[in-house]
Number of protein chains: 6
Amino acid sequence: MNPFLGASKDRKNSRILISGIPFDGTSSFRAGSRFAPASIREASQSIETYSVYQDRCLDDFKFFDAGDIDISPGDTKRAVKKVFRFARKNSDKILVSLGGEHLVTLGLVQALHERYKDMILVCLDAHTDLRDNYLGIKLSHATVLRRIVDMGLKVVLLGARSGTKEEFEFARKNNILHSFDDFKKMDYIIKGKKIYVSIDMDVFDPGFVPGVSNPEAGGINFIDFMKWLKEFPFQSVIGVDVVEINPGCDPSFISSVFAAKLLREILIRLSYQIKT
Amino acid sequence: MNPFLGASKDRKNSRILISGIPFDGTSSFRAGSRFAPASIREASQSIETYSVYQDRCLDDFKFFDAGDIDISPGDTKRAVKKVFRFARKNSDKILVSLGGEHLVTLGLVQALHERYKDMILVCLDAHTDLRDNYLGIKLSHATVLRRIVDMGLKVVLLGARSGTKEEFEFARKNNILHSFDDFKKMDYIIKGKKIYVSIDMDVFDPGFVPGVSNPEAGGINFIDFMKWLKEFPFQSVIGVDVVEINPGCDPSFISSVFAAKLLREILIRLSYQIKT
Amino acid sequence: MNPFLGASKDRKNSRILISGIPFDGTSSFRAGSRFAPASIREASQSIETYSVYQDRCLDDFKFFDAGDIDISPGDTKRAVKKVFRFARKNSDKILVSLGGEHLVTLGLVQALHERYKDMILVCLDAHTDLRDNYLGIKLSHATVLRRIVDMGLKVVLLGARSGTKEEFEFARKNNILHSFDDFKKMDYIIKGKKIYVSIDMDVFDPGFVPGVSNPEAGGINFIDFMKWLKEFPFQSVIGVDVVEINPGCDPSFISSVFAAKLLREILIRLSYQIKT
Amino acid sequence: MNPFLGASKDRKNSRILISGIPFDGTSSFRAGSRFAPASIREASQSIETYSVYQDRCLDDFKFFDAGDIDISPGDTKRAVKKVFRFARKNSDKILVSLGGEHLVTLGLVQALHERYKDMILVCLDAHTDLRDNYLGIKLSHATVLRRIVDMGLKVVLLGARSGTKEEFEFARKNNILHSFDDFKKMDYIIKGKKIYVSIDMDVFDPGFVPGVSNPEAGGINFIDFMKWLKEFPFQSVIGVDVVEINPGCDPSFISSVFAAKLLREILIRLSYQIKT
Amino acid sequence: MNPFLGASKDRKNSRILISGIPFDGTSSFRAGSRFAPASIREASQSIETYSVYQDRCLDDFKFFDAGDIDISPGDTKRAVKKVFRFARKNSDKILVSLGGEHLVTLGLVQALHERYKDMILVCLDAHTDLRDNYLGIKLSHATVLRRIVDMGLKVVLLGARSGTKEEFEFARKNNILHSFDDFKKMDYIIKGKKIYVSIDMDVFDPGFVPGVSNPEAGGINFIDFMKWLKEFPFQSVIGVDVVEINPGCDPSFISSVFAAKLLREILIRLSYQIKT
Amino acid sequence: MNPFLGASKDRKNSRILISGIPFDGTSSFRAGSRFAPASIREASQSIETYSVYQDRCLDDFKFFDAGDIDISPGDTKRAVKKVFRFARKNSDKILVSLGGEHLVTLGLVQALHERYKDMILVCLDAHTDLRDNYLGIKLSHATVLRRIVDMGLKVVLLGARSGTKEEFEFARKNNILHSFDDFKKMDYIIKGKKIYVSIDMDVFDPGFVPGVSNPEAGGINFIDFMKWLKEFPFQSVIGVDVVEINPGCDPSFISSVFAAKLLREILIRLSYQIKT
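Residues numbered from 1 in each chain as written. Chains lettered and ligands numbered in written order. Predicted model: local features only at pLDDT ≥ 70, side-chain atom pairs only at ≥ 80, totals over all residues. Heavy atoms only, no water.

Draft legend 1. The relation of the copies chain A and chain C, seen in detail. Overlaying chain A on chain C yields an RMSD of 0.0 Å, the required transformation being a rotation through 180° with an accompanying axial translation of 0.0 Å. The superposition of one copy onto the other is thereby described by a two-fold rotation axis. A shared interface surface links the copies, since 100% of the contact residues of chain A are contact residues in chain C too. (Least-squares fit on C-alpha atoms with pLDDT ≥ 70 in both. Contact = heavy atoms within 4.5 Å.)

Right, dumping it as structure tokens:
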């Protein structure tokens, strides 16, 4: 496996650590996000290290690609635990993780929460993912935000446009739903907190990212995202994941290339932390 | 065949009746819209019954899915007649029909016109479909609106961006072309009339709905549609069809999921009639 | 969901019961066999009820299609248990099951073994599936035959051409490996026993059945299979499963049509039991 | 459109005339054979003009590619009539036609029968195509051989392995079914007759030709075909068609390349007539 | 090969000459743009000759489709030279060329530059293409604009959003980067010059044109392009190319249809020159 | 990039060296074999290290995977030279190379010929590849065997079934054509010579290996190959290449898995040399 474009070979001095989490065991519709880390790394070879949006290069700072976490298919609890252990062991880094399905966020957040008691989760997602259980299953991509709320974390959800009535009611009651540009309304939530950012790629319109497990029309585009990326307080971000890319659903490969470019922009945005 | 998401089993008390019309016999470019009803029903299983756009659920009212009309391939006249007979028999319901190609609208409109003398057709379509004949053929997806004009119906066409010079001249002469937001200009046409709405899915930009028989760049998106849906007087709508999805042309499956979501929104919008 | 071609609506008087088991949770390479039951049923609509190979029709006897077992993704043990319960409840029928991955055989065999103490398993498979664990997991498509050996059942494996050295050694030591035409050598094993037949579709050459999770060159073809089908003592067969078709891997759809035809032949072959 | 590989520009002096018939209006399962003529011509550019099997070149004789017959989708009768008229007008040539679906054979045979009263039809096909009607339709790919029997022509069917019980009974009663190598048994039928050869590409195993409308496992391969081609009395053949290739069903493109190669061999085999 | 939709057969009196250049020899990521000319011509058959955007028809003026330039794969220098020779021979026409990859622009510009000393290049492209060499290779799709700058031509680049830091610095230093609507800022560059327009189709967002060799998120759409097309001084344009469509990357075919429509609009826009 | 299944990390003590050669610059029909090395390595992860055919494991001996040779697209001569240099530098190993297109064999053979003056080439290929030039190009996948004959090497060609008349005449004149089982007739050619084996994967029937650049019906299957592999004197083989897999042409992925399995069998067969 080739590491992500521009990754350093110096793990020790890399403040940012990329890993792949090829798990899609609870996918209810189309499995296949397990192939996303490999696909996004491959796609990264087709783009440049330089971002004209931020006028900075992946080569201007150090990040390490630790490869994929080794996950055996067929045991969800064990998978989440493996993610948790990996994240705990590396929680001194800024963790940038490539799913896999959205449930992997649970293990990542659990581990970082041990270190950052005061952290919150900001999630970009077309779906609310707030069910208490999904077809009787507690650990699922469809329940992941609920599990995180259960942990006592504050969750801010951007871009949600699909869910059950109950989920949306729960979200409204708990002040979870926000929109991309009401930074002021969010301010009191975010201020002074460590922030974990989880990006379910279906937050984007399927026209631009068709290769996701659950496409949901009416989403944002790359320009919208870049605007948010620039304005959001990334200096407080202690981890990011990019999940639910499903390369097998997109023979044109544009989804993986999109994700690779997005990841480049995120890495560069995070790199400003390193200087401080 | 699983019925459309959230469909009731109570035909009698369902005010809205869904049916599939797997006919694509006159498709001139890529046949395959015959597979749309099955594909859209399957896709509907991957979305939620709740619409956050309208804050209402498919479970909040009753609609029945009558399955597919049985159509033998190879005889166009017979196919249109079958659609006509089915529609006539069920014209006491609000008919929501899944094409199939656009010609199926002819049979549907013929039947409803028997009951609603004063009805008009509002059609969302990238193409004018106003030819008098297509390669010598009178009954065709490319002539369907002309046939309906021939019946004496007023036709309002939204989103048209492709056609012959003759078709556009005919359309202008007959005041057929309108744009999505000039409700005022349309007002005198629509007012007090029963309205049949025909949605050729190629009205959307192929970026968002690539799986159509005749993709035509420069179309609308889901947000545009939702704005129209909310403002258009759906209390007067007595039938809707959604045609020309061609699932085989879209391996990413986003087109069928888009159509399923669109249909959910239409059904919910129509459901407000039931209460009245 | 349309039932399998030619299925009766009379469950009670159907001696044979088809069910789909859309589970692929332990797939290590390409998931997607969960879509096989729907795909094979759809494919069955494109073939005839009559078999010229056996000069008999699916309409000549009664079999019932019970639809799919409801399985939530993400919990393997629970899934196997669900299969087990379904099979136990219906063990008075000849169970013909459509996977899903090969692990589903475990639940089926467990249930039938309660009723038929003296049963053996005859398995057609390119892989040995005899590992004690797979990447630390005990319940897996790669361990399923070992789990069944652990239950004390005699296993006869036909067509195996892939596995670890340990698996093949285990298989040889336990006299598990046989070839398609050494009925005489098998005779002492089979004679007088109730037989469960499990067909992993990768036993066929990927040239003929490309849509499997783990393609393995050098397999049999349809003619080879029909020869075996006719000669094997199907009057003693108390259950059959057809697993590991992965429709998403085969855009040509020939794999699902192949499986549908194979299933027709199996059903007809089993139907001779009913007359006795 | 590029003409078929090696075609002459000299229509007048070409004894063999190729044409494409892009009609698939009665396809019951997957339409798309309308794209076969273009696809096979394109595929022909990727093979050589020389056949090592017959040690002869397409350049060694003259054949003309007349392009496609212009067929409007949506009117089956009209389509058959167009084929008929084209064939009648060119019946002084040896007609080699590229379907399209199998129904096109009807128009071709009708026209040639006018000229050759004593002709018979030899058909290679996985399906019997002998229904009296198909879902109420008389003109269909599934009834085409019955319509030809109705005309009073003797039909010899090779490779059939699918059909209804009634079709097989009809076929047996009328001595229609034969196997590829019983030339002796066929001899009294064929002897002294002009022969039209119709090749439904699904006679081949779908493993080798996946791109057909109705794949049917258990067919012949290229070697089998070449053996038959060499032994069959092609000096009496007055027309050949190659139908039911459906390029959209085979993204690997091997089916169209297979058909192009097969066509080269047929053309070369027919070319020996020219010398006589 | 069918010529592009609406092409005249009268080469002599056609002021505009279309040609295909099926060369993709330096493609670094996904080759396949060699198939674009055939694919775009085929796609053109599915659209109309009339443009409602410009209220004019392809039939209202004469343009000739000269087919494809014959290029042997494997020798880049030779390929560029062939393009050059073809263009020089036809430089009295307005050349509208269908790539192939972007390097073909070099041969075209070299030839036209002989005739029009004072010409400039306006290029729509997501990538800067300004490297001095690419992996040691001087002639490459990634260096093409640099080679043209080397020739002494002024280059104006619109839509660029990807490149190395060095390329962007070079571009800024040389005042190459512009945006779609700053016609005023460009005015002094363009005024009085003959203009060659090169359109790398990846300037469009991959959501709308997924079938390109190097998809790059964040691009323009069809509406944006039409606005530019109408305002840009096309009366001074002496050649246009449309490159980097890669049909094999887009099974939905929307990219080729998009390019065909774009080409129709360009042809019609150019046709106003003919009248002058 | 993950190395090929079971590869050792000990380059020095590995007698066999694998490398990938991602070059497809002269592909005349469908480019894309550049992606084969990555695809075959990925596919190798889905098979076992143990071969039941030879009862031996990839782990039983040492081979090293050197990754891919770095080749810039667009310069054929330079590419061949790069292959040559790599091979010369490593000619003390048994080189097992993954194409890429067939032209890569030229560089490999040139290098090994320096060391082994008395070597011959045994080539499995559906095509003769014996043209003197291809469309004017001397260095091409279609001329590679001719270039090697030009070097003075004896060439033995197995499985050829496509080529021009001239190529076959040249082949016959030079006693190049042989069949898979006439070891006796070949004996005098092979005896005492060092042998380089080049396997163009299109020697296999496209039914089994659809993902090749130039599919050619009527080829061998895996069983045929294994028979040959076992009987051919591999103790004299000093290099093997496996070329022309084109993964993009085979969405089912069976071609790459086939190639990976074939490579495993070749590696194990070669490993017997190591012991001697």
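Draft legend 2. Main features of the nonpolar core. Counting 177 residues, the largest nonpolar core has Trp228 of chain A, Trp228 of chain B together with Trp228 of chain E as the members making the most contacts within it. Sequence-distant contacts of Trp228 of chain A, that is, excluding residues within four places in its chain, are made with Val122, Leu124, Leu158, Phe180, Phe183, Val197 and Phe234 of chain A. (Core = buried A, V, L, I, M, F, W, Y, C linked by side-chain atoms within 4.5 Å. Buried < 20%, exposed > 50% of the residue type's maximum accessible area, 1.4 Å probe, protein only.)

Draft legend 3. Seen up close, the interface of chain A and chain C. Across the contact, 18 residues belong to chain A and 18 residues belong to chain C. When chain A packs against chain C, the two sides together hide about 1,500 Å² of surface, and 52% of this comes from carbon and sulfur. On the surface where chain A and chain C come into contact, there are 0 salt bridges. In this structure, the connection of chain A to chain C is made through 12 residue pairs in polar contact (both at pLDDT 80 or more). (Buried area = accessible area lost by both parts, 1.4 Å probe. Salt bridge = Lys/Arg side-chain N within 4 Å of Asp/Glu carboxyl O. Polar contact = N/O pair within 3.5 Å; in protein donor to acceptor, adjacent residues only side chain to side chain.)

Draft legend 4. Molecular detail of a negative patch on the surface. Where like charges cluster on the molecular surface, the negative patch consists of Asp55, Asp59 and Asp60 of chain A together with Glu166 and Glu169 of chain E. Among the secondary structure elements, Glu169 of chain E is positioned in helix H5 (residues 165-173). (Patch = residues over 30% accessible without salt bridge, like charges linked within 9 Å, V, L, I, M, F, W, Y side chains within 5 Å. Areas by Shrake-Rupley, 256 points an atom, 1.4 Å probe, with all protein chains shown as cover. Lys, Arg positive; Asp, Glu negative; His and termini not counted. Charge placed at Lys NZ, Arg CZ, Asp CG, Glu CD. Helix = DSSP H or I, 4+ residues; strand = E, 2+ residues; numbered from the N terminus.)

Draft legend 5. Representation of the state of the cysteines in the model. Within this structure, the stated rule accounts for 0 disulfides over all chains. The structure places no disulfide on Cys249 of chain D, whose sulfur is separated from the nearest cysteine sulfur, that of Cys249 of chain B, by 12 Å. (Disulfide = S-S within 2.5 Å.)

Draft legend 6. Quick look at the interface of chain F and chain D. With 22 residues of chain F in contact, the opposing surface of chain D contributes 18 residues. Here chain F and chain D share an interface that buries about 1,700 Å² over both sides, 62% of which is from carbon and sulfur atoms. For the chain F face of the interface with chain D, the top three residues by lost area are Phe29, Lys165 and Ala217 of chain F, together amounting to 27%. Linking chain F with chain D are 2 salt bridges. Here Glu48 of chain D makes a salt bridge to Arg131 of chain F, at a shortest N to O gap of 2.5 Å.

Draft legend 7. Structural context of the relation of the copies chain F and chain D. It takes a turn of 120° to lay chain F on chain D, together with a shift of 0.0 Å along the axis; the resulting RMSD is 0.0 Å. Expressed as an axis order, the relation between the two copies is that of a three-fold axis. The rotation axis passes nearest to the C-alpha of Gly207 of chain F in chain F, at a distance of 3.0 Å. Comparing contact sets, just 14% of the residues at the interface of chain F also lie at the interface in chain D, consistent with a heterologous contact between different surfaces.

Draft legend 8. Geometry of the side chain of Glu265 of chain D. Topologically, Glu265 of chain D is positioned in helix H8 (residues 254-275). Setting aside residues up to four positions removed in sequence, Glu265 of chain D forms contacts with Ser51, Tyr53, Gln54, Phe222, Met226 and Leu229 of chain D.

Draft legend 9. Just the packing of helix H2 (residues 76-89) of chain E against helix H3 (residues 104-115) of chain E, in detail. Residue and element names in this part refer to chain E. Following both chains from N to C, one finds H2 and H3 inclined at 35°, their axes separated by 8 Å at the closest point. Considering how the two elements wind past one another, H2 and H3 form a crossing that is right-handed. Within the contact between the two elements, H2 uses Val80, Val83, Phe84, Ala87 and Arg88 and H3 uses Val104, Leu106, Gly107, Leu108, Gln110, Ala111 and Glu114. Partitioning the contact of H2 with H3 into residue classes produces 8 nonpolar, 2 polar and 2 charged. (Axes fitted to C-alpha atoms, helices over the stretch in contact; angles between N-to-C directions. Left-handed = near helix turned anticlockwise from the far one by under 90°. Nonpolar A, V, L, I, M, F, W, Y, C, P; charged D, E, K, R; others polar.)

Draft legend 10. Spatial organisation of the sheet that holds strand E9 (residues 195-200) of chain D. All names here are of chain D. Spatially, E4-E1-E5-E10-E9-E6-E7-E8 is the arrangement adopted by the 8 strands of the open sheet, whose pairing is parallel. Every interior strand has two partners, whereas the edge strands, strand E4 (63-68) and strand E8 (177-178), have only one. Here strand E7 (residues 155-158) runs beside E8; their pairing, made up of 2 bridges, is parallel. In the sheet register, Leu158 faces E8, and the bridge partner there is His178. Against the sheet, helix H6 (residues 183-190) makes contact with strand E6 (120-124), E7, E8 and E9, and its axis sits at roughly 155° relative to E7, the strand it touches most. (Pairing = 2+ DSSP bridges.)

Draft legend 11. The packing of aromatic side chains, seen in detail. Inspection of the entire model under this criterion finds 84 aromatic pairs over all chains. Between Phe180 of chain B and Trp228 of chain B, the ring centres sit 6.4 Å apart and the planes meet at 90°, which makes this aromatic pair edge-to-face. Within this pair, whereas Phe180 of chain B is found in the loop between strand E8 (177-178) and helix H6 (183-190), its partner Trp228 of chain B is found in helix H7 (residues 222-231), the two being separated by 48 residues in sequence. One exposure class covers both Phe180 of chain B and Trp228 of chain B, and it is buried. Among the aromatic residues, those joined into a ring-pair cluster are Tyr53, Phe180, Phe204, Phe222, Phe225, Trp228, Phe232, Phe234 and Phe258 of chain A. Taking the ring centre of Tyr272 of chain A as reference, the NZ or CZ of Arg56 of chain A above it sits at 4.2 Å. Geometry around Phe170 of chain D places Arg146 of chain D over its ring, the cationic atom sitting 4.0 Å from the centre. (Phe/Tyr/Trp six-rings, centres within 6.5 Å; stacked < 30°, edge-to-face > 60°. Lys NZ or Arg CZ within 6 Å of the ring centre and 35° of its normal.)

Draft legend 12. Highlighting the environment of Asp187 of chain C. Residue and element names in this part refer to chain C. With respect to the helices and strands, the residue Asp187 is situated in helix H6 (residues 183-190). Residue classification places Asp187 among the partly exposed positions, given a relative accessible area of 36%. The spacing of Asp187 and Asp250 is 63 residues in sequence and 37 Å in space, taken between C-alpha atoms.

Draft legend 13. Just the pattern of salt bridges, in detail. Scanning the model with the defined rule gives 78 salt bridges over all chains in all. In this structure, the salt-bridge partner of Lys138 of chain A is Asp132 of chain A, at a minimum N-O distance of 3.0 Å. Relative accessible area serves as the criterion here: at 31%, Asp132 of chain A is assigned to the partly exposed category. Between Arg34 of chain D and Asp24 of chain D there is a salt bridge, with the nearest N and O atoms lying 2.9 Å from each other. Placement of the pair is Arg34 of chain D in the loop between strand E1 (16-21) and helix H1 (36-44) and Asp24 of chain D in the loop between E1 and H1, with a sequence separation of 10 residues. When sorted by exposure, Arg34 of chain D lands in the same class as Asp24 of chain D, which is buried. One network of salt bridges, with partners in common, ties together Asp132, Lys138, Arg147 and Asp150 of chain A.

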